[in-house]
Amino acid sequence: MTDELAGKVAVVTGGASGLGEGIVRRFAAEGAKVLIGDVDRDGGAALAADIGSAAQFVEADVSDIEQVSRLVSTAVERFGGLQVMVNNAGVSGTMHRRFLDDDLADFHKVMAINVQAVMAGTRDAARHMSQHGGGSIINLTSIGGIQAGGGVMTYRASKAAVIQFTKSAAIELAHYEIRVNAIAPGNIRTAIVRKSAAGEDLEKLEQFEETIRAQMRADRPLKREGTVDDVAEAALYFAGDRSLYVTGTVLPIDGGTSAGKVISRKPKD
């Protein structure tokens, strides 16, 4: 590690597990002070304890924008500032076999967490950063927001909204030396796919997840599996000083999936 984030303070929403945990651990290893926000009280507290004094946990439900604001103010109060905001918390929504069967019952929940919380986190972090020399805001979207496809329509719409918002915010906040970028993971093994099939028994969940993963592998040009560390590395790049001339970008971390379908070629005789 190179202490690339030494002297910086970061907030990571949804930081108790999955991609968020990977980002928290990488930031702390690189010298940052990290405030972890998550609804998972036990997981967040355990992670902060494992990392030590470089991390603190605050229980927060980002669907309530007042709690998002409190994460920002708490980071400033406890660590003395805020240079990096990672709006990572997200939910998938329920997978339906057909869009015609979707009752849209989870629409408001998905939009509140995946879009409204990102907007609130960006706004509140920028309010501080605009008065303190700028900073970096990193929003987690998905290749589901880049590529059209069937299933989890509300999730896809929410992640597409994050992309457009990120680019728009980057334009407006550049005046304050605030960079706003997005990371679009694809086929990274976390619990979000399984959670989209709520209500099924464990065996069906495992079969469902493997079916989705198999299709993702077939569509991916690079055959190595993506990892949480791959996403954390991208977040580190955006958070640090290597990306001072980079804003308004969307970086897919997807093994080439969003570039296009794999072309099947017959072997030469």
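Here's what I pulled together on the structure shown here. As the structure is a computational prediction, the values presented were derived from the model and not from experiment.

Overview of unusual backbone geometry
A positive phi angle is found at V152, which is not glycine, with a value near 35°. Structurally, V152 can be placed in the loop between β5 (135-140) and α5 (153-173). When its relative accessible area of 15% is taken as the criterion, V152 is described as buried. With a phi close to 60°, N187 is a non-glycine residue in the positive phi region. Within the secondary structure, N187 sits in the loop between β6 (178-185) and α6 (192-195).

What to know about the nonpolar core
Formed by 32 residues in total, the largest nonpolar core has its most connected members in I23, F27, V86, I138, L140 and I183. Elements represented by at least two residues in this core include exactly β1 (9-13), α1 (18-29), β2 (33-38), α2 (41-51), β3 (55-59), β4 (84-87), β5 and α8 (228-239). For this core, the leading source of residues is α8, giving eight residues. Setting aside residues up to four positions removed in sequence, L140 forms contacts with L19, I23, V86, N87, N88, K159, V162, I183, P185 and V231.

Section: the sheet that holds strand β7 (residues 250-253)
Hydrogen bonds between backbone atoms are what pair the strands of a sheet, whose relative direction is either parallel or antiparallel. The seven strands lie next to each other as β3-β2-β1-β4-β5-β6-β7, forming an open sheet whose pairing is parallel. On the outer flanks of this sheet lie β3 and β7, each paired with one strand and no other. In this sheet, adjacent strand axes meet at a mean angle of 20° when their direction is disregarded. Across the sheet, α1 lies against β1, β2, β4, β5 and β6, angled at about 170° from β1, the strand it touches most.

Digging into empty space enclosed by the protein
In total, this model carries two cavities of 30 Å³ or more according to the counting rule given. A volume near 40 Å³ is recorded for the largest cavity. Lining the largest cavity we find S92, G93, T94, H96, D102, D106, V152, M153, T154 and Y155. Class assignment for the residues of the lining of the largest cavity results in three nonpolar, five polar and two charged. Space inside the second largest cavity adds up to approximately 30 Å³. Lining the second largest cavity we find T13, V62, V68, N87, N88, A89, I113, A117 and V118. Residue contributions to the lining of the second largest cavity peak at three residues, all from helix α4 (residues 107-129).

Brief notes about the pairing of β5
Of all six residues making up β5, six are buried, and the element is well covered by its neighbours. The two faces of β5 match: G135, I137 and N139 on one face and S136, I138 and L140 on the other face are all buried. In this sheet, β5 lies alongside β4 in parallel orientation, the contact comprising four bridges. By the bridge assignment, V86 is partnered in β5 with I138. As for the winding sense of the linkage, the β-α-β connection from β4 through α4 to β5 is right-handed.

A look at the packing of α4 against α5
The interhelical angle for the contact between α4 and α5, taken along N-to-C directions, is 15°, at an axis separation of 9 Å. It follows from the interaxial angle that α4 and α5 lie roughly parallel. Between α4 and α5 lies a crossing whose hand is right-handed. Residues F107, V110, M111, N114, V115, V118, M119, T122 and A126 of α4 touch α5, and the partners they reach there are T154, Y155, A157, S158, K159, A161, V162, F165, A169 and L173. Of the residues assigned to the contact of α4 with α5, the class counts are 14 nonpolar, four polar and one charged.

Let's talk about the packing of aromatic side chains
The full count for this structure, using the stated rule, is one aromatic pair. With a centroid separation of 5.5 Å and an interplanar angle of 50°, the aromatic rings of Y237 and F238 are classed as tilted. Given a relative accessible area of 2%, F238 falls into the buried group.

Here's the deal with α4
Residues three or four positions apart in an α-helix share a direction because the helix packs 3.6 residues into each turn. The end-to-end C-alpha distance of α4 is 32 Å, a good match for the 33 Å that 23 residues give at a rise of 1.5 Å each. The largest bend in α4 comes to about 35°, at Q116.

Let's talk about the pattern of salt bridges
The full count for this structure, using the stated rule, is 13 salt bridges. R242 is paired through a salt bridge with E4; the nearest N and O atoms lie 2.7 Å apart. Note that R242 is positioned in the loop between α8 and β7 and E4 in the segment before β1, a separation of 238 residues in sequence. Accessibility expressed as a relative area gives 46% for R242, which makes it partly exposed. Measuring nitrogen to oxygen at the nearest pair gives 3.3 Å for the salt bridge that ties R224 to D230. One network of salt bridges, in which partners are shared, links E4, R26, E30, E233 and R242.

The rules behind the values
Residues numbered from 1 in each chain as written. Predicted model: local features only at pLDDT ≥ 70, side-chain atom pairs only at ≥ 80, totals over all residues. Heavy atoms only, no water. Helix = DSSP H or I, 4+ residues; strand = E, 2+ residues; numbered from the N terminus. Buried < 20%, exposed > 50% of the residue type's maximum accessible area, 1.4 Å probe, protein only. Core = buried A, V, L, I, M, F, W, Y, C linked by side-chain atoms within 4.5 Å. Contact = heavy atoms within 4.5 Å. Pairing = 2+ DSSP bridges. Axes fitted to C-alpha atoms, helices over the stretch in contact; angles between N-to-C directions. 1 Å grid on protein atoms, 1.4 Å probe; cavity = no way out; pocket = protein on both sides within 12 Å on 5 of 7 lines; lining within 4 Å. Points joined across faces, edges and corners; volume = space filled by probe spheres on them. Nonpolar A, V, L, I, M, F, W, Y, C, P; charged D, E, K, R; others polar. Right-handed = clockwise from strand over helix to strand, strands pointing away. Parallel < 35°, antiparallel > 145°, perpendicular 65-115°, else oblique. Left-handed = near helix turned anticlockwise from the far one by under 90°. Phe/Tyr/Trp six-rings, centres within 6.5 Å; stacked < 30°, edge-to-face > 60°. Expected span 1.5 Å × (residues − 1). Bend = angle between axes of the 7 residues up to and from the residue. Salt bridge = Lys/Arg side-chain N within 4 Å of Asp/Glu carboxyl O.

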